[in-house]
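Results of the structural survey
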Amino acid sequence: MQPIRVLGAMSGTSLDGVDAAELWTDGESIDRFGASDYRAYDADERATIRAALGAWPGDAPVAAAAEVVETAHARLLSRFETPELVGFHGQTLAHDPANRRTHQAGDGGVLAEVLGAPVVWDFRGADVQLGGEGAPLAPAFHHACARHVGADVPLAFLNLGGVGNLTWVDTAKPMEEDGALLAFDTGPANAPIDDLCLDWLGQPFDRDGALAREGEARADLVAAFLRHPYFFRVPPKSLDRDAWRAAGAEIDALLPSHAAATWVAVIAATVRHALDQCPAMPARLLVTGGGRRNPAIMAALAELPCDVAPVEAVGLDGDMLEAQAFAFLAARVLRGLPTSFPGTTGVKAAVGGGQVSRPEGVADRLPTSARHGPNARLARAR
């Protein structure tokens, strides 16, 4: 297969907005990167999605959240020239792999009709149904990135979105081979700090780490946090965005600056714990996601026993890496290649997830409620 132009989109657990990026790929290697763009959720859109966190299909808040997600993606992706393929992750509202279920809001069929291009979506469902964690899914792309930048020793990617996740990569092995990849969620990342800033300051995140740098971390609360049962589980393993509500209650009860500083210390401590669970300490930890822009977080990570740098240090785009990842995964789905592996999600065998929706006749398959109102207008807008 020759490389094709795929447009990937990602709306993460930080709820900041939608990233979109072009990638030329055959689903096995990266040919080249293309244009990218971003659309922020406004305050009302973010509140609508936040109100649906933890909800499952059929629950009252889900339809409104899905409408926001689909509309935001449609408006952003329509800015690009029509691609050959689209990878659409949707917005995770709930994630419960222990009970073999996960929920990403947004219908790829609606986007296929809007964009006039096939859309790959529902990337996590098959993995979860077959006993995997359903997350993280970017490791296949991280392996391709490591090879693309010429890495010849094990390295790790740390994505700091709402939740932190780590991918350990050995490029000496093909990604499908045992030992090539280990991936898992490290613990909380931006989400508790973002929530803190929204509640106390009315702003969506801790700009420049200013709040955290004013405070003092409580070492006793960091140590208590690390006694959570999650940290005694063997990876691969994954987390829901709000898994830490109870465990972090004492931290959130501190003065805001001390709470932010303590959460930063928690992030660094959980990443160190994660590195200790890897087959070997990576030569380098490449940080992606919004957390790399927080100087307080990066200063804490600098104390780790390996070189730490933002992914831009090797020529990658940390703002768009996850959107590019879902472009890459969409190409793999199109070719019938696996998207998750025992070492990345704990599934028993390699799994190819995702379903493909094509433009023709999509509107006829929509539920009655989606054939009227904004979704129907979107479907007629292509």
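An unreviewed UniProt entry lists the protein chain under the name Anhydro-N-acetylmuramic acid kinase, from Jannaschia ovalis.

The subject of this paragraph is the overall build of the protein chain. Of regular secondary structure, the protein chain possesses 15 helices and twelve strands. The C-alpha atoms of the protein chain give a radius of gyration of 20 Å, which matches the 21 Å a tight globule of 382 residues would have. Out of the 382 residues belonging to the protein chain, those deemed buried represent 58%. For the protein chain, the share of sequence-separated contacts (at least 6 apart) that also reach a separation of at least 24 residues comes to 68%. Surface summary for the protein chain: the accessible area is close to 15,000 Å², and the carbon and sulfur share equals 50%. In the protein chain, 33 side chains carry a positive charge and 48 a negative one; their mean positions are 3 Å apart.

Let us look at the sheet that holds strand β9 (residues 181-188). The mixed open sheet is built from five strands, whose spatial order is β9-β8-β7-β10-β11. Both outer strands of the open sheet, β9 and β11 (307-310), are each paired with one neighbouring strand and no more. The sheet shows a mean angle of 20° between the axes of neighbouring strands, taken without regard to direction. Relative to β11, strand β10 (residues 284-288) is paired through four bridges, and the arrangement is parallel. Across the sheet, L285 pairs through a bridge with V308, a residue of β11.

So, about the confidence of the model for the protein chain. With 94% of its residues at a pLDDT of 70 or more, the protein chain has an overall mean of 92. pLDDT under 50 marks residues 362-382. Its contacts with residues more than four places away, or in other chains, come to 29 contacts.

In this section: the side chain of H73. Assignment of secondary structure puts H73 in helix α2 (residues 62-77). At 2.8 Å, the side chain of H73 forms a polar contact with the backbone oxygen of V69. If we skip the residues at most four places from it in the chain, H73 touches A9, S11, V18, Y41, F88 and L111.

Here the focus is the environment of E312. Inspection of the secondary structure puts E312 in the loop between β11 and α12 (321-335). The partly exposed category is assigned to E312, whose relative accessible area is 35%. In sequence terms E312 and V287 are 25 residues apart; their C-alpha atoms lie 8.7 Å from each other. Beyond its immediate chain neighbours, meaning those up to four positions away, E312 contacts R292, D317, G318 and D319.

Okay, the pairing of β10 next. Side-chain direction in a regular strand flips from residue to residue, so the side chains alternate between the two faces of the sheet. Within β10, four of the five residues are buried, which leaves the element mostly enclosed by the surrounding structure. Inspection of the sheet shows strand β7 (residues 155-160) paired to β10 by four bridges, in the parallel sense. From the neighbouring strand, A156 faces β10, where its bridge partner is L285. One crossover worth recording links β10 to the parallel β11 by way of helix α11 (residues 295-301), and it is right-handed.

On to the packing of aromatic side chains, then. Applying the stated criterion to the full structure yields eight aromatic pairs. For the ring pair F225 and W263, a centre distance of 5.5 Å and an interplane angle of 85° mean the geometry is edge-to-face. One end of the pair, F225, is in helix α8 (residues 219-225); the other, W263, is in helix α10 (residues 256-276), with 38 residues separating them in the sequence. Taken as a pair, F225 and W263 share a single burial class, namely buried. Judged by centre distance (5.5 Å) and plane angle (15°), the rings of F231 and W244 are stacked. Separated by 13 residues along the polypeptide, F231 in the loop between α8 and α9 (249-252) and W244 in the loop between α8 and α9 bring together distant segments of the chain. Each member of the pair, F231 as well as W244, is classed as buried.

Our focus in this paragraph is the side chain of T262. Within the secondary structure, T262 is located in helix α10. At 3.0 Å, the side chain of T262 and the backbone nitrogen of R218 are in polar contact. With residues near it in sequence (within four places) discarded, T262 still touches E216, A217, R218, L221, V222, I251 and L254.

So, on to helix α5 (residues 139-148). The α-helix advances 3.6 residues per turn, and as a result positions three or four apart in sequence lie on the same side. Within α5, eight of the ten residues are buried, which leaves the element mostly enclosed by the surrounding structure. By the burial criterion, the buried members of α5 are P139, A140, F141, H142, H143, A144, C145 and A146. Just downstream of α5, G150 is the residue with a positive phi angle, here 80°.

Scanning the model with the defined rule gives 17 salt bridges in all. As a salt-bridge pair, R292 and E312 come within 2.8 Å of each other at their nearest N and O atoms. Here E312 lies in the loop between β11 and α12 and R292 lies in the loop between β10 and α11, a separation of 20 residues in the sequence. When salt bridges that share partners are traced, they join R292, R293, E312 and D319 into one network.

Counting 44 residues, the largest nonpolar core has L158, L160, L166, V271, L285, L301 and V308 as the members making the most contacts within it. With eleven residues, α10 is the largest single contributor of residues to this core. L158 has contacts with N165, L166, T186, V271, L285, L286, V287, T288 and L301, leaving out every residue within four places of it along the chain. V120, F157, M320 and F341 belong to the second-largest nonpolar core, a separate cluster that totals 37 residues.

Scoring rules and cut-offs
- Residues numbered from 1 in each chain as written.
- Predicted model: local features only at pLDDT ≥ 70, side-chain atom pairs only at ≥ 80, totals over all residues.
- Heavy atoms only, no water.
- Helix = DSSP H or I, 4+ residues; strand = E, 2+ residues; numbered from the N terminus.
- Rg over C-alpha atoms; globule rule 2.2 N^0.38 Å.
- Buried < 20%, exposed > 50% of the residue type's maximum accessible area, 1.4 Å probe, protein only.
- Contact = heavy atoms within 4.5 Å.
- Areas by Shrake-Rupley, 256 points an atom, 1.4 Å probe, with all protein chains shown as cover.
- Lys, Arg positive; Asp, Glu negative; His and termini not counted.
- Charge placed at Lys NZ, Arg CZ, Asp CG, Glu CD.
- Pairing = 2+ DSSP bridges.
- Axes fitted to C-alpha atoms, helices over the stretch in contact; angles between N-to-C directions.
- pLDDT = per-residue confidence, 0-100.
- Polar contact = N/O pair within 3.5 Å; in protein donor to acceptor, adjacent residues only side chain to side chain.
- Right-handed = clockwise from strand over helix to strand, strands pointing away.
- Phe/Tyr/Trp six-rings, centres within 6.5 Å; stacked < 30°, edge-to-face > 60°.
- Salt bridge = Lys/Arg side-chain N within 4 Å of Asp/Glu carboxyl O.
- Core = buried A, V, L, I, M, F, W, Y, C linked by side-chain atoms within 4.5 Å.

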